[in-house]
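Single-letter residue listing:
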Amino acid sequence: MSESAKSTVFIDNDRVVVTEWRFAPGASTGWHRHGHDYVVVPLMDGKVKLLTKDGESLAEMKQGVPYYRPEGVEHDVINANDGEYAFIEIELK
């Protein structure tokens with residue numbers, strides 16, 4: 001079993017949840033379903049492995065370049081880099 005990514009919630013109010021996720025090499029979020037639309041802002045360049053019901057893929061992440069996903073996404077996110085990886089996740093309530 002891989003190490004768990006570390007989450008730090010900075011804001012949690014009636015409108016948003018803002019969480020920093022930090023991953024050691026090989027660490028993962030664990031399988032989860034997003035209950036809200038969300039935006040991810042990578043804090044550094046790197047790759048994450050995404051495990052979904054449809055299989056496995058690699059995503060290239062670029063520092064400061066955000067992306068959006070709708071409510072209902074189900075996956076496990078794994079650090080595919082040799083060093084630490086981190087991003088900010090903004091969930092829209």
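Not measured: the values here are computed from a predicted model. (Residues numbered from 1 in each chain as written. Predicted model: local features only at pLDDT ≥ 70, side-chain atom pairs only at ≥ 80, totals over all residues. Heavy atoms only, no water.)

*Asks:* Please provide a residue-by-residue account of the sheet that holds strand β9 (residues 85-92), values included.
*Replies:* The five strands are arranged β1-β2-β9-β4-β7 in an open sheet whose pairing can be described as antiparallel. Only two strands of the sheet have a single partner each, and these edge strands are β1 (6-12) and β7 (67-69). Each neighbouring strand pair of the sheet contributes to a mean axis angle of 20°, computed without reference to strand direction. With eight bridges connecting them, strand β2 (residues 16-23) and β9 associate as antiparallel partners. Bridging across to β9, F23 finds its partner in Y85. (Pairing = 2+ DSSP bridges. Helix = DSSP H or I, 4+ residues; strand = E, 2+ residues; numbered from the N terminus. Axes fitted to C-alpha atoms, helices over the stretch in contact; angles between N-to-C directions.)

*Asks:* Explain the pairing of strand β4 (residues 37-42) to me, and be specific about the residues and the numbers.
*Replies:* The two faces of β4 differ: Y38, V40 and P42 on one face are buried, but D37, V39 and V41 on the other face are not. The sheet contact formed by β4 and β9 spans six bridges and is antiparallel. Note on β9: the bridge partner recorded for D37 is L92. Direction of pairing for β4 relative to β7: antiparallel, over a ladder of three bridges. From the neighbouring strand, Y38 faces β7, where its bridge partner is R69. (Buried < 20%, exposed > 50% of the residue type's maximum accessible area, 1.4 Å probe, protein only.)

*Asks:* A description of the UniProt feature "domain: Cupin type-2" (unreviewed entry) in the chain should follow, citing residues and the corresponding values.
*Replies:* The UniProt entry lists residues 20-90 under the feature "domain: Cupin type-2" (unreviewed entry), expressed in the numbering used here. Measuring from the first to the last C-alpha atom of residues 20-90 gives 9 Å, for a span that is 0% helix and 58% strand. (UniProt positions renumbered as here; feature names shortened; annotations may be inferred.)

*Asks:* If you had to explain the pattern of salt bridges to someone new, which residues and values would you point to?
*Replies:* Evaluation of the coordinates by the stated rule reveals six salt bridges. A salt bridge links K93 to D12, with the nearest nitrogen and oxygen atoms 2.8 Å apart. Here the residue K93 occupies a position in the segment after β9, and D12 occupies one in strand β1, the gap between them amounting to 81 residues. Across the pair R22 and E20 runs a salt bridge, and its minimum N-O distance is 3.3 Å. Within the structure, one salt-bridge network assembled from shared partners comprises E20, R22 and E84. (Salt bridge = Lys/Arg side-chain N within 4 Å of Asp/Glu carboxyl O.)

*Asks:* Account for the environment of H36, naming residues and giving values.
*Replies:* As for its position among the elements, H36 is in the loop between β3 (32-33) and β4. For the pair H36 and V16, spaced 20 residues apart in sequence, the C-alpha to C-alpha distance is 9.3 Å. If we ignore the near neighbours within four places in the chain, the residues touching H36 are P70, E71, E91, L92 and K93. (Contact = heavy atoms within 4.5 Å.)

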